[in-house]
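Here's the letter readout for the chains.
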Protein chains: 2
Amino acid sequence: MSPQPGDFTIGEAARASGVKVTTVRFYESRGLLPAPPRSEGNRRLYAQSHVDRLRFIRHARELGFALEDVATLLSLSDEPDQSCAAVDAIARAQRAEVTRRIARLEALGVELDRMIATCAGGTVGECRVIESLSDHAHCAADHPGPAPM
Amino acid sequence: MSPQPGDFTIGEAARASGVKVTTVRFYESRGLLPAPPRSEGNRRLYAQSHVDRLRFIRHARELGFALEDVATLLSLSDEPDQSCAAVDAIARAQRAEVTRRIARLEALGVELDRMIATCAGGTVGECRVIESLSDHAHCAADHPGPAPM
DNA sequence: GCTTGCTCCTACAGTGACTGTAGATGGCAT
DNA sequence: ATGCCATCTACAGTCACTGTAGGAGCAAGC
Ligand SMILES: [Zn+2]
Ligand SMILES: [Zn+2]
Ligand SMILES: [Zn+2]
Ligand SMILES: [Zn+2]
């Protein structure tokens with residue numbers, strides 16, 4: 001395929017969508033972006049629809065959706081006559097996840113603040129931050145597990 | 001080395017510290033936990049000090065410190081005569097990071113709520129959630145980048 | 001003594017969502 | 001023709017683990 005007016009190189013598609021060149025190729029490898037036709041010199045030739053799709057992916061990723069969810073949302077958006085209940089469910093699940101993460105981080109913030117406030121600025125041997133880390137019994141809330149943050 | 005009373009197998013150390021067996025070995029491979037002596041049958045034999053160290057690591061991880069920071073905190077705690085300024089700095093940086101993450105997630109939550117509220121429950125073609133994802137211009141705040149969440 | 005069943009061993013691959021690197025071409029401008 | 005950036009493929013690295021395969025150790029029950 002020879003380059004047409006209106007085609008984008010991968011660099012142009014990257015700039016137009018705000019997705020990095022390497023990430024565009026990565027999305028293709030993950031099946032989120034269809035493999036475009038190539039030029040005679042084997043370069044990818046993107047159309048506007050690819051750029052639109054990249055912007056969709058970017059926005060969804062910025063909102064924290066996992067690539068798997070992005071893939072589902074993309075395949076749903078390709079079938080406009082279906083019910084949007086599945087779309088809604090994914091968005092609500094993401095909202096709930098965001099809420100959980102915030103609660104988690106608020107609790108960490110409180111405990112970190114308590115720890116930091118006890119530090120009197122002396123030696124490590126006297127430092128209550130180290131002590132707090134050593135002694136789990138000092139902490140008010142239970143920790144659900146290693147922080148995914 | 002033959003097992004002594006007071007020694008822990010890796011499984012016992014794991015239960016006593018709340019760190020999984022595989023994760024204990026992983027921490028050893030990362031240099032966070034010193035390699036313990038072995039039994040005649042090549043099993044790791046931990047002392048109470050190892051269990052204490054594991055509990056320290058676990059608590060620091062629960063507070064979201066990266067393993068590299070945990071390693072620094074551990075090496076600082078091994079030198080009790082030094083100033084605790086470095087400890088304080090790491091804790092404050094972690095606190096700041098938690099604050100940033102919360103702010104980020106609050107913004108995502110607001111945008112997700114707006115998106116979800118516009119969904120009227122019709123078809124995908126009419127769904128404003130998909131539309132919001134497609135059209136970046138509809139969103140109020142700038143996104144700093146893909147969400148690390 | 002023998003089998004069952006749990007724990008433990010090493011070594012390596014996989015996760016998610018990319019990022020970085022190496023070495024080889026493509027293609028445009030001077 | 002020369003320089004230089006963009007692009008190509010393929011693979012390793014990131015982080016903090018988790019999971020798997022294929023053995024070996026060890027206590028208890030028979
Ligand atoms: Zn201190
Ligand atoms: Zn705590
Ligand atoms: Zn909808
Ligand atoms: Zn937005």
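Our structure's up above, just so we're on the same page.
Below, the structure is looked at part by part. As the structure is a prediction and not an experimental result, all values here were calculated from the model.

Inspection of helix H4 (residues 67–77) of chain B places Val70(B), Leu73(B), Leu74(B) and Leu76(B) among the buried residues, and these make up the whole buried set. End-on view of H4(B): buried residues confined to an arc of 160°, all on one side of the axis. Those residues of H4(B) that are buried are in contact with helix H6 (128–134) of chain A together with helix H3 (48–62) and helix H5 (85–118) of chain B.

With that settled, consider the protein's contact with DNA strand D. Taken together, 18 residues lie near DNA strand D, and Thr9(A), Arg25(A), Arg44(A), Arg43(B) and Arg61(B) sit nearest. Thr23(B) places a polar side-chain atom, nitrogen or oxygen, 3.0 Å from a phosphate oxygen of DNA strand D. Between DNA strand D and the protein, one listed contact pairs a phosphate oxygen with a backbone N or O atom of Leu67(B) at 3.1 Å. Among the elements of the structure, helix H1 (10–17) of chain A together with helix H2 (21–29) of chain B are those that each provide at least two residues to the surface near DNA strand D.

On to the packing of H1(A) against helix H2 (residues 21–29) of chain A, then. Residue and element names in this part refer to chain A. Where H1 contacts H2, the two axes come as close as 9 Å, and the packing angle between them is 100°. Judged by the inter-axis angle, H1 sits roughly perpendicular to H2. Contacts from Ile10, Gly11 and Ala14 in H1 reach Val21, Val24 and Arg25 in H2. Taken together, the residues of the contact of H1 with H2 sort by class into four nonpolar, one polar and one charged.

Spanning 15 residues, H3(B) covers 21 Å between terminal C-alpha atoms, matching the ideal 21 Å at 1.5 Å per step. Buried residues of H3(B): His50(B), Val51(B), Leu54(B), Phe56(B), Ile57(B), His59(B), Ala60(B), Arg61(B) and Glu62(B), and no others. At its buried positions, H3(B) is contacted by helix H5 (85–118) and H6 of chain A together with helix H1 (10–17), H2 and H4 of chain B. Looking one or two residues beyond H3(B), the residue adopting positive phi is Gly64(B), at roughly 90°.

Close to DNA strand C lie 18 residues, the nearest being Arg43(A), Arg61(A), Thr9(B), Gly11(B) and Arg25(B). In DNA strand C, atoms within 4 Å of the protein come 84% from sugar and phosphate. Here Gly11(B) contributes a backbone N or O atom positioned 2.8 Å from a phosphate oxygen of DNA strand C. Here Arg25(B) contributes a side-chain N or O atom positioned 2.5 Å from a phosphate oxygen of DNA strand C. Looking at the surface near DNA strand C residue by residue, the class counts come to six nonpolar, five polar and seven charged.

A few words now on the nonpolar core. With 80 residues, the main nonpolar core has Phe65(A), Val87(A), Leu133(A), Phe65(B), Val87(B) and Leu133(B) as its most contacted residues. Residues within four places of Val87(B) in sequence aside, it is in contact with Val124(A), Cys127(A), Val129(A), Ile130(A), Leu73(B) and Leu76(B).

This next bit is on the packing of aromatic side chains. Any aromatic ring pair is given by two values, namely how distant the centres are and how the planes are angled relative to each other. All names here are of chain A. For the coordinates displayed, the defined rule picks out two aromatic pairs over all chains. Arranged with centres 6.0 Å apart and planes meeting at 45°, the rings of Phe26 and Tyr27 form a pair that is tilted. Tyr27 gets classed as buried once you look at its relative accessible area, which sits at 8%.

Moving on: the environment of Arg30(B). Residues and elements named next belong to chain B. Note on placement: Arg30 falls in the loop between H2 and H3. Judged by its relative accessible area of 55%, Arg30 is exposed. The sequence separation of Arg30 and Ala71 amounts to 41 residues, and the corresponding C-alpha distance is 9.2 Å.

The rules we used
- Residues numbered from 1 in each chain as written.
- Chains lettered and ligands numbered in written order.
- Predicted model: local features only at pLDDT ≥ 70, side-chain atom pairs only at ≥ 80, totals over all residues.
- Heavy atoms only, no water.
- Buried < 20%, exposed > 50% of the residue type's maximum accessible area, 1.4 Å probe, protein only.
- Helix = DSSP H or I, 4+ residues; strand = E, 2+ residues; numbered from the N terminus.
- Arc of directions from axis to C-beta.
- Contact = heavy atoms within 4.5 Å.
- Near = heavy atom within 4 Å.
- Polar contact = N/O pair within 3.5 Å; in protein donor to acceptor, adjacent residues only side chain to side chain.
- Axes fitted to C-alpha atoms, helices over the stretch in contact; angles between N-to-C directions.
- Parallel < 35°, antiparallel > 145°, perpendicular 65-115°, else oblique.
- Nonpolar A, V, L, I, M, F, W, Y, C, P; charged D, E, K, R; others polar.
- Expected span 1.5 Å × (residues − 1).
- Core = buried A, V, L, I, M, F, W, Y, C linked by side-chain atoms within 4.5 Å.
- Phe/Tyr/Trp six-rings, centres within 6.5 Å; stacked < 30°, edge-to-face > 60°.

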